[in-house]
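Examining the three-dimensional arrangement
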Amino acid sequence: MSKNKVAVITGGAQGLGKGIAKRLANDGFSIVISDLDEEALDSAKEEFSKDDFAIETFKGNVSKLEDQNSLVKFAVEKFGRLDVFINNAGVEGEVAPITELKPENIDFVLDINVKGVMYGIQAAANQMKEQGEGGKIINACSIAGQEGFEMLSPYSASKFAVKGVTQAAAKELAPDKITVNAYCPGIAGTGMWDRLDEKMMEHMGTEKGEAFEKYAQDIALGRTQEPEDVANLVAFLASSDSNYITGQSIVSDGGMIFR
């Protein structure tokens, strides 16, 4: 059994999720990273192990409840408990006008970004209730969960849903001393934004990098986001310093969306 607190991060083998996992590992957590990309999982485990972090990996699909339950069971088998569950996995989906969206692509985004978060909450909350010591559930929202973005209506809808689910779960789980919060990143130079930029070239006639620059120029602090910027917020939400905060979707975007 781990002497450290135990955190699970879905979609944690790359991008912002990997940055979050690294920060929590540095903070002393035992880490379980879940992802669908087996190669990325192997690479992350090798990288983290070099720093002597306590890390395990799990290949799972967040849109399947049985996988989320198995993930929690795996974490408890490896480290003895669950203290923090981070529903980080997400997809941007189809970039297209709302009049051209395909039904299967809408379902794809909602299955992962909404059902995946709800199933993660279910699996984590049941384990935390059984332990009887509370816990922290942290969900990936977005600035697109605060304001809808053109060409990204399914993604925006999914992130507005995450904000609502976060509030509802926070109210339900408060008697069990389980807090539920969300983080809302802005624009980061990750693989997701590379893909978004390419897709916007097709529909908006932009040049490579132009859409990214268009959004980035509105950042008050004058730079795009790094994984560490998001990880700093998540680390706070995972710590005891945030014990009196629940039901919140906190923006970390360098000054784009002011709410």
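Because the structure is a prediction, the values reported are computed rather than measured.

Reading guide: rules and limits
- Residues numbered from 1 in each chain as written.
- Predicted model: local features only at pLDDT ≥ 70, side-chain atom pairs only at ≥ 80, totals over all residues.
- Heavy atoms only, no water.
- Helix = DSSP H or I, 4+ residues; strand = E, 2+ residues; numbered from the N terminus.
- Rg over C-alpha atoms; globule rule 2.2 N^0.38 Å.
- Buried < 20%, exposed > 50% of the residue type's maximum accessible area, 1.4 Å probe, protein only.
- Contact = heavy atoms within 4.5 Å.
- Areas by Shrake-Rupley, 256 points an atom, 1.4 Å probe, with all protein chains shown as cover.
- Lys, Arg positive; Asp, Glu negative; His and termini not counted.
- Charge placed at Lys NZ, Arg CZ, Asp CG, Glu CD.
- Polar contact = N/O pair within 3.5 Å; in protein donor to acceptor, adjacent residues only side chain to side chain.
- UniProt positions renumbered as here; feature names shortened; annotations may be inferred.

**With respect to the overall build of the protein**
When helices and strands are counted, the protein shows eight helices and seven strands. Rg of the C-alpha trace for the protein: 18 Å, near the compact-globule value of 18 Å for 259 residues, within the 12% margin. By its C-alpha atoms, the protein is 55 × 40 × 35 Å across when sized along the principal axes. Among the 259 residues that make up the protein, the fraction classed as buried is 53%. A sequence separation of at least 24 residues applies to 69% of the contacts in the protein between residues at least 6 apart. In the structure as shown, the protein presents an accessible area of about 12,100 Å², 49% of it carried by carbon and sulfur atoms. Of the charged side chains in the protein, 26 are positive and 40 negative; the average position of the first set lies 6 Å away from that of the second.

**Focus on the side chain of Gln146**
Mapped onto the secondary structure, Gln146 falls in the loop between β5 (135-140) and α5 (153-173). When its relative accessible area of 10% is taken as the criterion, Gln146 is described as buried. Within the local environment of Gln146, its side chain forms a polar contact with the side chain of Lys163, the two groups lying 3.0 Å apart. Residues in contact with Gln146, not counting those within four places in the same chain, are Phe160, Lys163, Cys184, Ser249, Val251, Ile257 and Arg259.

**Some points on the UniProt feature "binding site: NAD(+)" (unreviewed entry) in the protein**
Feature annotation in UniProt assigns "binding site: NAD(+)" (unreviewed entry) to the following positions: Asp35, Asn88, Tyr155, Lys159, Pro185, Gly186, Ile187, Ala188, Gly189 and Thr190. Mapped onto the secondary structure, Gly186 falls in the loop between β6 (178-185) and α6 (191-204). Here Ile187 shows up in the loop between β6 and α6. What makes Ile187 buried here is its relative accessible area of 2%.

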